[in-house]
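Structural characterization, general
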Amino acid sequence: MSRYPFQEIEPKWQTKWDEIGLFECPTDAENRFYCLVMYPYPSGDLHVGHGRNYIIGDALSRFEMMRGRSVLTPMGWDAFGLPAENAAIQRGIHPPVWTDANIDKMKVQFRKWGIGYDWAREISSHRPSFYRWTQWIFVKMLERGLAYRKGAPVNWCPSCATVLANEQVVDGKCERCDATVGIRDLEQWFFHITDYADELLESLDGMDGWPDRVKTMQRNWIGRSAGVEIDFTIEETGEKLPCFTTRVDTIFGVTYMVMAAEHPKVRELVAGTEHEEKVLAFAERVKAQGAFERGAADVRKEGIWTGVHVVNPVNGEKVPLWIANYVLMEYGTGAVMAVPAHDQRDFEFAREYDLPIKVVIDRPGEPLDAGAMGEAYVEDGVQTNSAQFDGLANREAIERIADWMEETGIGRRTVSYRLRDWLISRQRYWGTPIPVIYCEKCGPVGVPEEDLPVLLPTDVEFTGTGESPLTTSETFLDAPCPKCGGPGRRETDTLDTFVDSSWYLLRYIDAQNEETPFVREHVDRWFPVDQYIGGVEHACGHLIFVRFMTKVLRDLGMLSFDEPITKLFSQGMIYKDGQKMSKSKGNVVPPDELIERYGADTERLYTLFAGPPDRDAEWNDTAVEGAFRFLNRVWSLVEEHPYRAGGLDEAAGALAADDLPESIVALHRKTHQTIRKVTHDMEGFHFNTAIAAVMELVNATRAFADGIGDEPAGNERLAIAEALEAATVLLAPMVPHFAEELWQRAGGDESLFRSTWPSFDEEAAREDVVTIAVQINGKLRGDVEAERGAVEDVVLELAKSSEKVARHLEGKTVRRVIFVPDRLLNIVVG
C-alpha cells in the first residue's frame, strides 16, 4: 500500500480552494456565521505555537461550512507598533518595508497550513485606507468630549521611550521589551472609558458565551467599589482633601493620612518649606518604582512626612499627612486615611515610623490591646472608641456612619473604580497619527473629515534615541488651523495600537468602502461575532477596549448592538521543554520543516489532538510522528476498502435491518456513536476527543475488516464503507487536504466542504448494554452491566450479586433505593 502523498495533494487542494472561492462570503449571505481569530502582529516568524489558534479557527469554520452556514472568516494585520519601528532602526529600513515583507511571508505560511480566509476583506492597520477611519472615529469622539488631553502621571518605558497604558505594564515591566517601567508627568490624550464603566461591568452578566475566567478578570480590572468620599481639611491651608474609603466603620481610628507620590497637591503643599527638597526627592524616587512593585503586599513600606496635618472631620483630631510608596494614584482620590489597627499595610507603616495605633473595632469576647498587636485586626467585630456608634456590629456601623456623614455633610456615598480613562497617545512614529492641529488662537482642533487621512511622513530618520521622528519632519509639522486658517502645528503623538484593534472587527464587513468605515445595515446583519478566538492575555486590554468602542459607536448611531462578540474562546499556549516557545530560549519549532517532512495535515492533527485546546500543552516531536502514522493507516484502509462518496444515507437504511450479524450491527453502531460524539465535541471545542473518537472508529473498522478473512461482501462491505466515509468526513475540518483527496477519489464531484455534515441515528447509536453506577449511601462502590431499559428490581439483584457491592451490604438493612434508569442505582442502608 502507498503512503499518503501529502507533497502532491496539499498544494493541489490549496489551489482548488482558491479557484472555487471556498472562503469567499458575500455580505448579503443568509444563514450567517462570523468566525474570527484575533488579527496578528506581522512579525514574519510563525512557529507551531502560533498556529494553534489559527488552526482552531479554520477547523471551526470548515465545520460550520459543512453544516450549511455562510461562514465569514477574514484576516488582517495589527501592523503598527514598536517592534516594526525597532526593526527599522536595527536594519536601517523604513517600517512599512519590513511590515509588508512580513505580511507576505505570513500569508504564505497560512496557505501552507491550509488555513483559508476571505482575502478580499484583508485589512492592515498601517494602510491609510484603514487608519483614515481610525482617525475619523477619534475626531468623532473628540467632538463628543470622549477624547481629551490632560497632564497626568503616566507609565514610561525608558527603553522604548514611550508612554504605556496600565494594560501594557506587566509585573512592573514593559510588555514589549521587559524594561522596568517608571512614572513621568506628561500631557497626554485619553478616551473617557470610565463613562462606560457601569455598563461594561453590568453587561458581563449577560455574556454567557464568554469564559468565566475572562469575565472575572474584567470585573476585577474595572474594580467597582461602593464607599464614602470624606472631606478631610488641611490644617495649614484650610483646603479640603477628599479621600475614598470602603471601610467608613474605621474612620474614628485614623492616626495619619497618606498620599500617593503622584498626587497633584504634593508639590503645592511643600513649596517653600523646609521639607520641600526631601519630599520631592522622595516622591520622584517612588514614582520611578512603578505601580506593580509599589502595590505588592510584601513591599517594604516607605514614607516621608510632608510637614502638614489634616483634620479628621468626625472627631476634630489632627493627624500628620505623609507620602508613602504603597499608595497609588489609581485608587480612589490618591489620598488614603490610614487606620493601622485595621489595615495591614497601614499597620506595617505605623510600626516602621512609630505612628499611633488606635483600635476602633474590637474582637468580641477578647478585647484588643493596641500596644500588644502583632498584626492588624481585619475581621468583623464591635465598634469601640467610635463615639455614638460604640457597641454596634461593624457591618451595621458602615451604613449608620455613612448615613450620619451624609446628613452632616462630612461625606457622601459614591462609587470608585479601579478602571482609569484609557491613555491612547504614544511618543512613537509607527502608529496612527493623532488627527489634531494646535493653534495658538483656537487651541487643539480636530482635522476635518475631508482632510483625512493625516498621512505618516516618509522624510524621517530612525535613530532609536531622543524624541519621536515625527518631531523632525517639517513637511508633517506645519499645517493651517482648520478653524481660523492661521498657522498651526500637528500633534506628533500617535495612537496606541489598541485603538486600531478596538474596531477592526467591524471594518472586515466593508473593507473596501471608501465613503464610510462601514455601513450600519451590514454590520447589524453580521454582528455580534458568532465566535471570536484569541488568548486570555487580552482579557484586560483588547477585550475591554473592543467592548468600549462598540458602545461608543452605538451611541454615535453607527450600529445597533451593545456587545461585539457572542462567544469567546481563549486557547492555551503550546510549550516546548516546559517553556513558552521563544527564539531566545532556542525551543522554537518551525512549521516549514514539519510540513516538508509530514505535511500540514499532520501538524494540524497533532496540534488539535495535543490536549484540550483551552489548556496549555507540551509539544512532543514523537507524538507528531504518531499523528502521521494514523493518517497513513486511514489512507491504507481506504485503499484496501474503497467506498463511494455520498453513500451514508444508503448504508444507514440497509444496515438498520433486524437480522444482521452482531459484528455488522456493532460497527454500524460505532459509526453513528462516533458521528454523534464528534458533532458534539466540535460544537464544544473538544477537538482532541473528537479526533480520539475517529481513531477508535478507524481501529474498530480495521479489526472488523481483518476479522472477515475473505473479501467483504454485501452488508459487510457496506458497513466498512459507511465507517470509512464517516471517518473521512468527520476528519475533514481537522485535516482538510487529506479528506478532500479521499473524498474526490471516492467519486465526490465537488469540495467536501460544500457537502453536508453527516447526521447520526440515535436508535443506531444506542447501546443494548449499559453500565450503571452503583452507590451505597451516596458513595460509588462499583458498577453493573444491564440491558438498556432494565427495571429497578433487575438492576438491584445484579448489584447484590457483585462482589464489590455485596461487601458493603453485609450486615446492613436496605432502607431505600434511588434508581435512575440506565445510569445510577443508589442503595441507602442502615
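Above: the structure in question.
Residue positions are given per chain, counting from 1 as you read along its sequence in written order. Confidence filtering applies because this is a predicted model: local features only for residues at pLDDT of at least 70, side-chain atom pairs given and counted only at 80 or more, and all residues used for totals across whole chains, interfaces and linings. Computation of side-chain values covers all heavy atoms of the structure but excludes hydrogens and water.

**Overview of the overall build of the chain**
- Starting at the N terminus, helices and strands are each numbered in turn, a helix being any DSSP run of H or I of at least four residues and a strand any DSSP run of E of at least two. What the chain contains, in helices and strands, is 28 helices and 34 strands.
- Dimensions along the principal axes, computed over C-alpha positions, put the chain at roughly 105 × 85 × 50 Å.
- Here the chain holds 830 residues, and the buried ones make up 55% of them.
- Pairs at least 24 apart in sequence give 72% of the contacts found in the chain among residues at least 6 apart. Only protein chains enter the accessibility calculation, which uses a 1.4 Å probe; a residue is then buried when its area is under 20% of its type maximum, exposed when over 50%, and partly exposed in between. Any pair of residues with heavy atoms lying within 4.5 Å of one another is described as a contacting pair.

**Description of helix α25 (residues 736-745)**
- Burial of α25 is extensive: 8 of the 10 residues sit out of reach of the surface.
- Burial in α25 covers these residues: Pro 736, His 737, Phe 738, Ala 739, Glu 740, Glu 741, Leu 742 and Trp 743.
- Looking at the packing, one finds that the buried side of α25 touches α1 (6-20), α2 (48-66), α19 (600-609), α20 (621-640) and α24 (714-731).

**Some details on empty space enclosed by the protein**
- Space inside and on the surface of the protein is sampled on a 1 Å grid over the protein atoms alone, with a cavity defined as a set of points where a 1.4 Å probe fits but cannot get out and a pocket as an open set with protein on both sides within 12 Å along at least 5 of 7 lines; lining residues have an atom within 4 Å of a point. Grid points are joined across faces, edges and corners, and a volume is the space filled by probe spheres set on the points. Inspection of every chain in the model, using the stated rule, returns 1 cavity of 30 Å³ or more.
- Here the largest cavity is characterised by a volume of approximately 40 Å³.
- Together, Ser 502, Trp 503, Tyr 504, Leu 505, Leu 506, Phe 527, Val 546, Thr 550, Phe 561 and Pro 564 line the largest cavity.
- Only α15 (504-507) and α17 (542-555) provide two or more residues apiece to the lining of the largest cavity.
- Considering every element that reaches the lining of the largest cavity, the biggest residue donor is α15, with 3 residues.
- Polar here means any residue other than Ala, Val, Leu, Ile, Met, Phe, Trp, Tyr, Cys and Pro, which are nonpolar, and Asp, Glu, Lys and Arg, which are charged; Gly is therefore polar. Of the residues in the lining of the largest cavity, the class split is 8 nonpolar, 2 polar and no charged.

**Observations regarding the sheet that holds strand β27 (residues 565-569)**
- Across the sheet, 4 strands lie side by side as β2-β1-β26-β27; this open sheet has parallel pairing. Two strands close off the open sheet at either side, each with one partner strand: β2 (70-72) and β27. Here the strands of the sheet are splayed against their neighbours by 25 degrees on average, with no regard to which way each runs.
- Two strands are counted as paired when DSSP detects at least two bridges linking them. Where strand β1 (residues 32-37) and strand β26 (residues 529-533) come together, 3 bridges link them in parallel fashion. The partner of Leu 36 across the bridge, within β26, is Tyr 532.
- The strands touched by α2 are β1, β2, β26 and β27; relative to β1, the strand with the most contacts, the crossing angle is about 170 degrees. For every element, the axis is a line fit to its C-alpha atoms; helices are fit only across the contacting stretch, and the angle between N-to-C directions ranges from 0 to 180 degrees.

**Overview of the packing of aromatic side chains**
- Centres within 6.5 Å are what make two rings of Phe, Tyr or Trp a pair, Trp counting through its six-membered ring; a difference in plane orientation under 30 degrees is then read as stacked, over 60 as edge-to-face, and the rest as tilted. One pass over the full model with this rule turns up 43 aromatic pairs.
- Note on Phe 6 and Phe 628: the rings are 5.9 Å apart at their centroids and 85 degrees apart in plane angle, and the pair reads as edge-to-face. In this pair, Phe 6 sits in helix α1 while Phe 628 sits in helix α20, placing the two residues 622 residues apart along the sequence.
- Given the relative accessible area of 5%, Phe 6 is considered buried.
- Owing to a relative accessible area of 4%, Phe 628 belongs among the buried residues under this scheme.

**Examining the state of the cysteines**
- A pair of cysteine sulfur atoms is labelled a disulfide when the two atoms are within 2.5 Å. Inspection of every chain in the model, using the stated rule, returns 0 disulfides.
- Looking at the unpaired Cys 481, the closest cysteine sulfur is the one in Cys 439, lying at 3.7 Å.

Such coordinate-based values are descriptive only and should not be taken to indicate function.
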